[in-house]
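Summary of the model geometry
If you want the building blocks of each chain, they are given just below.
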Amino acid sequence: MITRSKAPLRLGLAGGGSDVSPYSDLYGGLILNATINLYAYCTIDEKKDGLVNINAADIAIQKEYTASDYLPIDGTLDLHKGVYNRIIKDFGIQPFSCAITTYSDAPPGSGLGSSSTMVVAIVKAFVEWLNLPLGEYEIAKLAYDIERKDLKLSGGKQDQYAATFGGFNFMEFMGNDRIIVNPLRIKRWIIDELEASMLLYYTGASRSSAKIIDEQTKNTSNGGNPVAIEAMHNIKKSAIDMKEALLKGDISSFSSILGHAWEDKKKMASSITNDAIDEIFKIAIAAGASTGKVSGAGGGGFIMFIVDPVKKVDVTNALKKLNGPVVDFQFSEGGCHGWKLFN
């Protein structure tokens, strides 16, 4: 039997970083995000040879292990092995043999939550294959625990929940890992106008996202940097303001809020932007973009620009003269899902 799954990547529209501890534990976090039609994929092929074969096809890494109750966490394919280990531990399942193959439409460090989305896709494939009793909140929480607690990878909480639930969501993050996901009903014409008004430009994978998150964590902890804490308060409020603008279809206010949030975001850590990113912004604005923001932690990855649709071709052509591509996308409605093939 073969089991497959897919989970959507997300754009962090507002509030990004307020979902990262300790800020979310101390002050509460608010996030507005939306998933797009770029995905992480997982296939699990049931085997009986006593081996676990893991193939991350998009990064050309393949490893084989003897099936056991704990695969070694050693810096290679840890996301995959972390899921395997927790499934066996949490559900009392005997070690099983399988082939796990994954790939993603976006590379690690893209700022679209690609690593967390991959974990969600792998968890969902195991849930589907083994008929595990996990709903959306449980899948997202398990993916978060694997990545942040088991593997000790720096980051926030929004990515796992965005990939699991899908669509436009306003998320609330409170102490003791209490999280509420509020799906937003956005009218179709508003989504169409937003898609017509947005550009995604890929600068290259961020090489400093963990460093940025660690610096942000330090700056927003108790006794941290007052400037950074105040900036994060503003970023959190921007999620409320942007939600209102989005529900009303006020793209002008949406653009303004995004731009102000980017200015606040740059106060969170020293390497959120750099000379290369600043130059890309300069070129896009000169060609007609009204504003923009780096998606994710910063330092690289994707930049989302807001553009008057009649100037979209001009901005696209200006960005295409640089090293990275402009990536077409649409917003997606569904979250992660899985299915089985009986052979």
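We now turn to the structure provided with this report. (Residues numbered from 1 in each chain as written. Predicted model: local features only at pLDDT ≥ 70, side-chain atom pairs only at ≥ 80, totals over all residues. Heavy atoms only, no water.)

Check the secondary structure of the protein chain and you find 11 helices and 12 strands. In terms of C-alpha radius of gyration, the protein chain reaches 20 Å, essentially the compact-globule figure of 20 Å for 343 residues. Principal axes of the C-alpha set define a box for the protein chain whose edges measure 60 × 45 × 35 Å. For the protein chain, the proportion of its 343 residues judged to be buried stands at 56%. For the protein chain, the accessible area works out to roughly 14,400 Å², and carbon and sulfur atoms hold 51% of it. If you average the places of the 36 positive and of the 39 negative side-chain charges in the protein chain, the two averages end up 1 Å apart. (Helix = DSSP H or I, 4+ residues; strand = E, 2+ residues; numbered from the N terminus. Rg over C-alpha atoms; globule rule 2.2 N^0.38 Å. Buried < 20%, exposed > 50% of the residue type's maximum accessible area, 1.4 Å probe, protein only. Areas by Shrake-Rupley, 256 points an atom, 1.4 Å probe, with all protein chains shown as cover. Lys, Arg positive; Asp, Glu negative; His and termini not counted. Charge placed at Lys NZ, Arg CZ, Asp CG, Glu CD.)

Considering all chains together, one arrives at 16 salt bridges under this definition. Residues Arg188 and Asp192 are paired through a salt bridge, measuring 2.9 Å at the closest nitrogen-oxygen approach. Linking Arg188 with Asp192, this pair stays in helix α6 (residues 188–196), spanning 4 residues, or about one helical turn. Taken together, the shared-partner salt bridges in this structure form one network comprising Lys141, Asp145, Lys149 and Asp177. (Salt bridge = Lys/Arg side-chain N within 4 Å of Asp/Glu carboxyl O.)

Let's shift gears to the packing of aromatic side chains. Taken as a whole and assessed by the stated rule, the structure comprises 14 aromatic pairs. Seen from their ring centres, Tyr41 and Tyr103 are 4.6 Å apart, and the 20° between their planes marks the pair as stacked. With Tyr41 in strand β2 (residues 29–46) and Tyr103 in strand β5 (residues 98–104), the pair connects residues that are 62 residues apart, well separated along the chain. Between the aromatic rings of Tyr202 and Phe302, the centroid separation amounts to 4.7 Å while the plane-to-plane angle is 40°, which identifies the pairing as tilted. Of this pair, Tyr202 sits in strand β8 (residues 198–202) while Phe302 is found in strand β10 (residues 302–307), placing the two residues 100 residues apart along the sequence. Exposure remark for Phe302: the relative accessible area of 4% places this residue in the buried category. (Phe/Tyr/Trp six-rings, centres within 6.5 Å; stacked < 30°, edge-to-face > 60°.)

This part covers the sheet that holds strand β9 (residues 289–294). Read from one edge to the other, the open sheet built from 4 strands follows the order β9-β10-β8-β11, with strand pairing classed as antiparallel. The open sheet has two free edges, formed respectively by β9 and β11 (326–327), since each of these has just one partner strand. Two elements, β8 and β10, share 5 bridges in a ladder whose sense is antiparallel. Looking at β10, one finds that Leu199 is bridged to Phe305. (Pairing = 2+ DSSP bridges.)

Membership of the largest hydrophobic core comes to 37 residues, with the highest contact counts inside it found for Ile44, Val83, Phe96, Val123 and Phe126. Contributions of two or more residues to this core are made by β2, β3 (51–56), α2 (78–91), β5, α3 (114–130) and α4 (136–150). Of all the elements, α3 adds the most residues to this core, at 10 residues. Ranked by size, the runner-up nonpolar core spans 35 residues in total, among them Ala14, Ile251, Phe302 and Val327. (Core = buried A, V, L, I, M, F, W, Y, C linked by side-chain atoms within 4.5 Å.)

This part covers the environment of Ser97. Assignment of secondary structure puts Ser97 in the loop between α2 and β5. The contact partners of Ser97, leaving out residues within four places of it in the chain, are Glu46, Lys47, Lys48, Asp49, Gly50, Leu51, Ala67 and Trp129. At 2.8 Å, the side chain of Ser97 forms a polar contact with the side chain of Asp49. (Contact = heavy atoms within 4.5 Å. Polar contact = N/O pair within 3.5 Å; in protein donor to acceptor, adjacent residues only side chain to side chain.)

Before going further, it helps to examine the pairing of β5. Of all 7 residues in β5, 5 are buried, a share of seventy percent or more. With 5 bridges joining them, β3 and β5 adopt parallel strand pairing. Bridge assignment links Ile54 to a residue of β5, and that residue is Ile100.

Time to look at helix α7 (residues 209–219). Taken as a whole, α7 has its buried residues at Ile212, Ile213, Gln216 and Asn219. For α7, the angular spread of the buried residues around the axis is 125°, confining them to a single face. Across α7 from its buried face, at more than 90 degrees, point the exposed residues Lys211 and Lys218. The secondary structure elements touched by the buried residues of α7 are α8 (226–248). (Arc of directions from axis to C-beta.)

Further remarks concern the packing of α2 against α3. Running from amino to carboxyl end, α2 crosses α3 at an angle of 35°, the nearest separation of the two axes being 10 Å. Crossing of α2 against α3: the hand is right-handed. Contact with α2, carried on its side by Leu79, His80, Val83, Tyr84 and Ile87, involves Ser115, Val119, Ile122, Val123, Phe126 and Leu130 of α3 and no other residues of that element. (Axes fitted to C-alpha atoms, helices over the stretch in contact; angles between N-to-C directions. Left-handed = near helix turned anticlockwise from the far one by under 90°.)

Structurally, the position occupied by Asn33 is in strand β2. A polar contact is formed between the side chain of Asn33 and the side chain of Gln158, at a distance of 2.8 Å.

Between α6 and α8, the shortest axis-to-axis distance is 8 Å and the interhelical angle comes to 110°. In terms of orientation, α6 and α8 fall into the roughly perpendicular class. For the pair α6 and α8, contact is made by Trp189, Ile190 and Leu194 and by Leu246, Leu247 and Lys248, respectively. (Parallel < 35°, antiparallel > 145°, perpendicular 65-115°, else oblique.)

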